[in-house]
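# Report on the structure
Here are the chains, one letter per residue:
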Amino acid sequence: MQTVKLDLAHAPYDIHIARDLLTQVELIKPLLLQPRVVIVSNATVAPLYLKSLQDALEAADIQCHSIILPDGEVYKTSETLNLIFDELLTERCERKTTLIALGGGVIGDMTGFAAAVYQRGVPFIQIPTTLLAQVDSSVGGKTGINHPLGKNMIGAFYQPKLVLADLATLDTLPLRELSAGLAEVIKYGLIDDLAFFEWLEANIERLMARETEALAYAVERCCQNKARIVAGDEKEQGQRALLNLGHTFGHAIESGLGYGVWLHGEAVAVGMMLAAFASRELDQISDDDIARIESLLKKAGLPVQAPQLGNERYLDLMAQDKKVDAGKIKFVLMRCLGESYIGELNRETVIAALDAGCS
Ligand code: NAD
Ligand code: MG
């Protein structure tokens, strides 16, 4: 088992990474304030993993209640959040009851937000079951739900007490979801870790084949990188925004096509290509480096060409993004392979990048 520590002064916690962590209740039990938990999962993940977790907890004399939500980003809403509150209140859950999120990023974000606000805050534990959730959404304490007028617009920074990344759960993940998670994995290489990018170039086939050793290394390295960035800037006042590499263009693609047409990771993959093209316009990254990024993304089963939405539509959609500061759009740009920074782009440069990146 590998362990990464998120060293926040007010709320440090461990991220454990290994196969078959689901049943290792000795990792959970010492953190509970009372021998009682509520597991939140969804209709896809619960049939696969809920029983193992629940049996192990009950064998350790921990009382369990489970809440099974419908599956999908479309349910990451205030209505679904209320279903969680209804159950917590009906079951008379107390401030010492721990919530456990068992699922991908949607379940993790919603459960975390429910934990942040139920009775002004109850403890919660993340058990992420998608690659994306293991390398990204379960770590760092961003929680929330969508609003009809914007994705992730309602939420809180609220840290879990523990993250258990059980690599065995990735065995059942659909291939397209695995690839989407790999987009975020590759992102960490491009942000500030050239050595990891090179490791990915050499090991991408092993990751696509879900070799445990390769997955364990990648998840650990991503969590280390995210933990370091988050520990330095928990509430995204500065460097944490580097984690948004590819996301400004990516969100425009997701919302321009209609949420769900492309997976988030797919849009981020293309968003990173567009960020690379924009950086090349600024005479920063070379054609050779862009070719390496493109090749790695393709081997990870990801798209590399942006859909044609029209340049004006892209500009409009990006102007609505959360990363707008006093009307100026911020972009994460690449100085070279493995070194990114936060900057701004003028209109002409964005259009040149779109011209280079659209199919
Ligand atoms: P998801 O939670 O929708 O999971 C993807 C699909 O895989 C779902 O159908 C799910 O039921 C299924 N699934 C999950 N685990 C499985 C398993 N082990 N076997 C088989 N199927 C499984 O999507 P995601 O990609 O995990 O997360 C996306 C969400 O995460 C978005 O809502 C996004 O906003 C959020 N997010 C949050 C942060 C953050 O910092 N909080 C960061 C990135 C993304
Ligand atoms: Mg993301």
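- Looking at an unreviewed UniProt entry, the protein chain carries the name 3-dehydroquinate synthase, with the source organism given as Iodobacter fluviatilis.
- A UniProt comment under Catalytic activity (unreviewed entry) is attached to the protein chain, and it reads "7-phospho-2-dehydro-3-deoxy-D-arabino-heptonate = 3-dehydroquinate + phosphate".
- Listed under Sequence similarities (unreviewed entry) in UniProt, the entry text for the protein chain is "Belongs to the sugar phosphate cyclases superfamily. Dehydroquinate synthase family."

## What about the pairing of strand 9 (residues 162-166)?
- Burial analysis of strand 9 places 4 of its 5 residues in the buried class, the great majority of the element.
- With 5 bridges joining them, strand 2 (residues 13-18) and strand 9 adopt parallel strand pairing. Bridging from a neighbouring strand, Asp14 pairs with Leu162 of strand 9.
- The sheet contact formed by strand 6 (residues 124-128) and strand 9 spans 2 bridges and is parallel.

## Brief notes about the UniProt feature "binding site: Zn(2+)" (unreviewed entry) in the protein chain
- Mapped onto this numbering, the UniProt entry annotates "binding site: Zn(2+)" (unreviewed entry) at Glu184, His247 and His264. The largest pairwise C-alpha distance within this set of annotated residues, which runs over 81 residues, is 10.2 Å, so the set is compact in three dimensions.
- Mapped onto the elements of the fold, Glu184 is located in helix 5 (residues 175-192).
- Look at Glu184 and you get buried, because 26 C-beta atoms sit within 10 Å.
- Apart from residues no more than four positions distant in its own chain, Glu184 is found in contact with Leu132, Val135, Asp136, Gly265 and Val268.
- Structurally, His264 is set in helix 9 (residues 264-281).
- The class for His264 is buried, based on 25 C-beta atoms found within 10 Å.

## Topic: the sheet that holds strand 4 (residues 63-69)
- Spatially, 1-2-9-6-5-3-4 is the arrangement adopted by the 7 strands of the open sheet, whose pairing is mixed. Edge strands, defined here as strands with exactly one partner in the open sheet, are strand 1 (2-6) and strand 4. Here the strands of the sheet are splayed against their neighbours by 20° on average, with no regard to which way each runs.
- Summarising the sheet, strand 5 (residues 98-103) and strand 6 pair through 5 bridges and their orientation is parallel. Each residue of the ladder has a partner; that of Leu102, found in strand 6, is Ile127.
- Strands in contact with helix 1 (residues 46-59) are strand 3 (36-42), strand 4 and strand 5; relative to strand 3, the strand with the most contacts, it is inclined by about 170°.
- Seen against the sheet, helix 2 (residues 78-90) touches strand 3 and strand 4 and runs at an angle of roughly 155° to strand 4.

Here is what the cut-offs are and how they apply
- Residues numbered from 1 in each chain as written.
- Chains lettered and ligands numbered in written order.
- Predicted model: local features only at pLDDT ≥ 70, side-chain atom pairs only at ≥ 80, totals over all residues.
- UniProt positions renumbered as here; feature names shortened; annotations may be inferred.
- Buried ≥ 20, exposed ≤ 12 C-beta atoms within 10 Å, placed from the backbone.
- Helix = DSSP H or I, 4+ residues; strand = E, 2+ residues; numbered from the N terminus.
- Pairing = 2+ DSSP bridges.
- Contact = placed C-beta atoms within 7 Å.
- Axes fitted to C-alpha atoms, helices over the stretch in contact; angles between N-to-C directions.

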